[in-house]
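Overview (structure and organization)
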Amino acid sequence: MINVKGLTKEYKTGKEVVPVLKGVNLTVEEGEFVCIIGPSGSGKTTLLHLLGGLDTPTSGEIQLNGSGITSKSEKERTILRRKEIGLIFQNYQLLPTLTVYENIVFPVHADGKKVSAETVQELLSAVDLVGFEKRFPNELSGGQQQRVAIARSLIHKPSILLADEPTGNLDRQRSSDILDLLSNFHRERNQTIVMVSHDMFAAGYADRIVLFKDGVIEAQVKREEDDYAKFLTRFMA
Ligand SMILES: Nc1ncnc2c1ncn2[C@@H]1O[C@H](COP(=O)(O)OP(=O)(O)O)[C@@H](O)[C@H]1O
Ligand SMILES: [Mg+2]
């Protein structure tokens, strides 16, 4: 479970202080699939990176599976990330000197573990990249790189998946393939997913949609609620 309380984040650029998150409160239940939507620049990526322990907040608390991550050292957060968290970065962040195969198995090896070739093949096949194992990131299209990043985020079977616009560079068919894949992991492994997207089609896969605006949560709706359809239409425009 993810529990966020009074989260703020300011960036300092030169003498200017830019408040990006202005008091975010959010609870995500274990096994829930939440989609965060909102305008560009509203702080969605910042929030996701804080949830993943990649950065520290200016104030506020984040608890993951019952333990606070805000007070943890960078090393402790790295270890937590390797075990519990899968992250799909908006800009993929593949390691340029590693092949597709090596990029995908990287989180497992970094944790000192091994992974079977069969597991890797299953994931490669799920993201439709069989035959691309030996390529380097600069030999792939944006969409292919995004799919490598997705496979890498899932290889260590994280309990929490944080996905930043995971279908941002994919066409509709590939988007729905990837969203089906994430939904299956969500259902079969009871995987908690927090996904950022500006695509209403993607948002439709989630159990709950959270509208983020100007550094705070402005509205949210669960799939089973009466005004779900109204909410979707209102923000589709
Ligand atoms: N490292 C940083 N230093 C300074 N400003 C940043 C940094 N990262 C993000 N910002 C600013 O924070 C705001 C929110 O960014 P971001 O979280 O990427 O929004 P979103 O993902 O919703 O588009 C933007 O105005 C952006 O310019
Ligand atoms: Mg972003």
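Below, the structure is looked at part by part. Everything numeric in this text was worked out from a predicted model, so none of it was measured.

**Quick notes on the coordination of the magnesium ion (ligand 2)**
Put simply, a metal with four donors set out as a tetrahedron has ideal angles of 109.5 degrees, and one with six donors set out as an octahedron has ideal angles of 90 or 180 degrees. Protein coordination at the magnesium ion (ligand 2) comes from Thr45 (OG1) and Gln90 (OE1), with a distance range of 2.0 to 2.4 Å. Note that Thr45 is positioned in helix α1 (residues 44-51) and Gln90 in the loop between β6 (85-88) and α3 (100-110), a separation of 45 residues in sequence. The exposure class of Gln90 is partly exposed, given its relative accessible area of 40%.

**Overview of the sheet that holds strand β7 (residues 160-164)**
Spatial ordering of the open sheet is given by β6-β7-β8-β3-β9-β10, a layout of 6 strands whose pairing is mixed. Edge positions in the sheet fall to β6 and β10 (216-222), since each of these pairs with one other strand and no more. With direction set aside, neighbouring strand axes in the sheet form an average angle of 15°. Across the face of the sheet, helix α5 (residues 142-154) comes into contact with β6 and β7 while running at roughly 175° to β6. Along the sheet, helix α6 (residues 172-188) makes contact with β3 (33-37), β7 and β8 (192-196), crossing β8 at roughly 150°.

**Some remarks on the sheet that holds strand β1 (residues 2-13)**
If you walk across this open sheet you meet the 4 strands as β2-β1-β4-β5, and the pairing is antiparallel. Strands at the two margins of the open sheet, each flanked by one partner only, are β2 (16-28) and β5 (67-68). Its contacts with the sheet put α1 on β1, β2 and β4 (59-64), and the angle it makes with β1 is roughly 120°.

**Regarding the layout of surface pockets**
The volume enclosed by the largest pocket comes to roughly 420 Å³. Of the residues that constitute the lining of the largest pocket, the class distribution is 8 nonpolar, 5 polar and 3 charged.

**A word on the site of ligand 1**
If you check the shell around ligand 1, you find Tyr11, Thr13, Val20, Pro39, Ser40, Gly41, Ser42, Gly43, Lys44, Thr45 and Thr46 and nothing else. Take Tyr11: an N or O atom from its side chain is 3.5 Å from a nitrogen atom of ligand 1. One of the side-chain nitrogen or oxygen atoms of Lys44 is found 2.8 Å away from an oxygen atom of ligand 1. Burial of ligand 1 by the surrounding chains reaches 60%, relative to a free accessible area of 560 Å². Breaking the shell around ligand 1 down by element, the ones donating at least two residues are β1 and α1. It is α1 that provides the largest number of residues to the shell around ligand 1, a total of 3 residues. Among the residues forming the shell around ligand 1, the class breakdown is 3 nonpolar, 7 polar and 1 charged.

**Description of the packing of α5 against α6**
Contact geometry of α5 with α6 gives a least axis separation of 12 Å together with a crossing angle of 5°. With respect to each other, α5 and α6 are oriented roughly parallel. Across the interface between the two elements, Arg147, Ile150 and Leu154 from α5 touch Arg174, Ile178, Leu181, Leu182 and Phe185 from α6. Per-class residue counts for the contact of α5 with α6 are 6 nonpolar, no polar and 2 charged.

**Let's talk about the environment of Glu133**
Inspection of the secondary structure assignment puts Glu133 in the loop between α4 (117-126) and α5. C-alpha separation for the pair Glu133 and Ile160, spaced 27 residues apart in sequence, amounts to 26 Å. What Glu133 contacts, discounting residues up to four positions off in sequence, is Thr99, Val100, Tyr101, Gln121 and Leu124. At 3.1 Å, the side chain of Glu133 and the side chain of Gln121 are in polar contact.

About the criteria used
- Residues numbered from 1 in each chain as written.
- Chains lettered and ligands numbered in written order.
- Predicted model: local features only at pLDDT ≥ 70, side-chain atom pairs only at ≥ 80, totals over all residues.
- Heavy atoms only, no water.
- Donors = N, O, S within 2.8 Å, 3.2 Å for Na, K, Ca; no water.
- Helix = DSSP H or I, 4+ residues; strand = E, 2+ residues; numbered from the N terminus.
- Buried < 20%, exposed > 50% of the residue type's maximum accessible area, 1.4 Å probe, protein only.
- Pairing = 2+ DSSP bridges.
- Axes fitted to C-alpha atoms, helices over the stretch in contact; angles between N-to-C directions.
- Contact = heavy atoms within 4.5 Å.
- 1 Å grid on protein atoms, 1.4 Å probe; cavity = no way out; pocket = protein on both sides within 12 Å on 5 of 7 lines; lining within 4 Å.
- Points joined across faces, edges and corners; volume = space filled by probe spheres on them.
- Nonpolar A, V, L, I, M, F, W, Y, C, P; charged D, E, K, R; others polar.
- Near = heavy atom within 4 Å.
- Polar contact = N/O pair within 3.5 Å; in protein donor to acceptor, adjacent residues only side chain to side chain.
- Areas by Shrake-Rupley, 256 points an atom, 1.4 Å probe, with all protein chains shown as cover.
- Parallel < 35°, antiparallel > 145°, perpendicular 65-115°, else oblique.

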